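Report on the structure
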Amino acid sequence: MDNSAKKKLIRAGDHGCALDRCALRRGSPKIRPMPILIDGHNLIGQMHDLSLSDPLDEQKLVERLKRYAARANKRITVIFDPGRHTLPSLWTTTSQSQGVRIVFARAGEKADDLIRVRVSEERDKQGLQLVTSDAAVANFARACGIRHVTSSGEFIRAMELAL
């Protein structure tokens, strides 16, 4: 790839595409997917086939998110409130599986608070999509500069179309 083509790609990246500049140096542009941050229990509460009263609701959502991440080439972080059986811990519980990072707030903490921290610490505010129908969280994110705030209902429709 010649230098003028690289410059065009970099300019395109400055207007919304997240490009891997190392890949440009290797000669093959790689567009990284926009990361998605999801308010997990808020999303479950909007889904017609999942219930917050189901002890396996988080697991079922995560399995669906894994399929969506693979099919749509997405990087997803889903944050849940602690469950009834969450042990007191000094740390949040985090795991990664097939393109989905799963975070459980520690006992006594709320997922909304973790989401606010993640949003406020996000360096690429333009490149993050937040999924929530919680007006307070959505307004906070917009005030922090997050441009892509998607309601849970909108996200469910997009996920169903992709799956």
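Residues numbered from 1 in each chain as written. Predicted model: local features only at pLDDT ≥ 70, side-chain atom pairs only at ≥ 80, totals over all residues. Heavy atoms only, no water.

Here we take up the pattern of salt bridges. According to the stated counting rule, one finds 5 salt bridges in the structure shown. Linking Arg106 and Glu109 is a salt bridge whose minimum nitrogen-to-oxygen distance equals 3.7 Å. Using a relative accessible area of 32% as the deciding quantity, one classes Arg106 as partly exposed. (Salt bridge = Lys/Arg side-chain N within 4 Å of Asp/Glu carboxyl O. Buried < 20%, exposed > 50% of the residue type's maximum accessible area, 1.4 Å probe, protein only.)

By the burial criterion, the buried members of helix H6 (residues 135-143) are Val137, Ala138 and Ala141. Across the axial projection of H6, the buried residues extend over an arc of 100 degrees, all falling on one side. Across from the buried face of H6, at angles greater than 90 degrees, the exposed residues are Ala135 and Ala143. One or two steps after H6, the chain reaches Gly145, where phi turns positive at roughly 105 degrees. (Helix = DSSP H or I, 4+ residues; strand = E, 2+ residues; numbered from the N terminus. Arc of directions from axis to C-beta.)

Mapped onto the fold, Glu58 is located in helix H4 (residues 57-72). Not counting chain neighbours up to four residues away, the residues in contact with Glu58 comprise His41, Ile44, Phe80 and Phe104. (Contact = heavy atoms within 4.5 Å.)

With 5 of 6 residues buried, strand S2 (residues 75-80) is to be regarded as a mostly interior element. Note that S2 and strand S4 (residues 100-104) share 5 bridges and pair parallel. Bridge pairing links Ile76 to Val100 in S4. (Pairing = 2+ DSSP bridges.)

Okay, the packing of aromatic side chains next. A full pass over the atoms with the stated rule returns 2 aromatic pairs. Between Tyr68 and Phe155 the ring centres are 5.4 Å apart and the planes differ by 85 degrees, which places this aromatic pair in the edge-to-face class. On the criterion of sequence distance, the pair formed by Tyr68 in helix H4 and Phe155 in helix H7 (residues 152-162) is long-range, its members being 87 residues apart. Here the two residues Tyr68 and Phe155 agree in accessibility, since each one is buried. A ring pair is formed by Phe80 and Phe104, whose centres lie 5.0 Å apart and whose planes are at 25 degrees; its orientation type is stacked. Of the two residues, Phe80 sits in strand S2 while Phe104 sits in strand S4, which places them 24 residues apart along the sequence. For Phe80, a relative accessible area of 0% corresponds to the buried category. (Phe/Tyr/Trp six-rings, centres within 6.5 Å; stacked < 30°, edge-to-face > 60°.)

What follows concerns the environment of Arg71. With respect to the helices, strands and loops of the structure, Arg71 is situated in helix H4. Exposure remark for Arg71: the relative accessible area of 56% places this residue in the exposed category. Along the sequence, Arg71 and Ala162 sit 91 residues apart, while their C-alpha atoms lie 7.0 Å from each other. Apart from residues no more than four positions distant in its own chain, Arg71 is found in contact with Ala162 and Leu163. Here Ala162 takes part through its backbone oxygen, which lies 3.3 Å from a polar atom of the side chain of Arg71. Engagement of the side chain of Arg71 in a polar contact is seen with the backbone oxygen of Leu163, the distance being 3.4 Å. (Polar contact = N/O pair within 3.5 Å; in protein donor to acceptor, adjacent residues only side chain to side chain.)

Any functional reading would require information that these geometric values do not contain.
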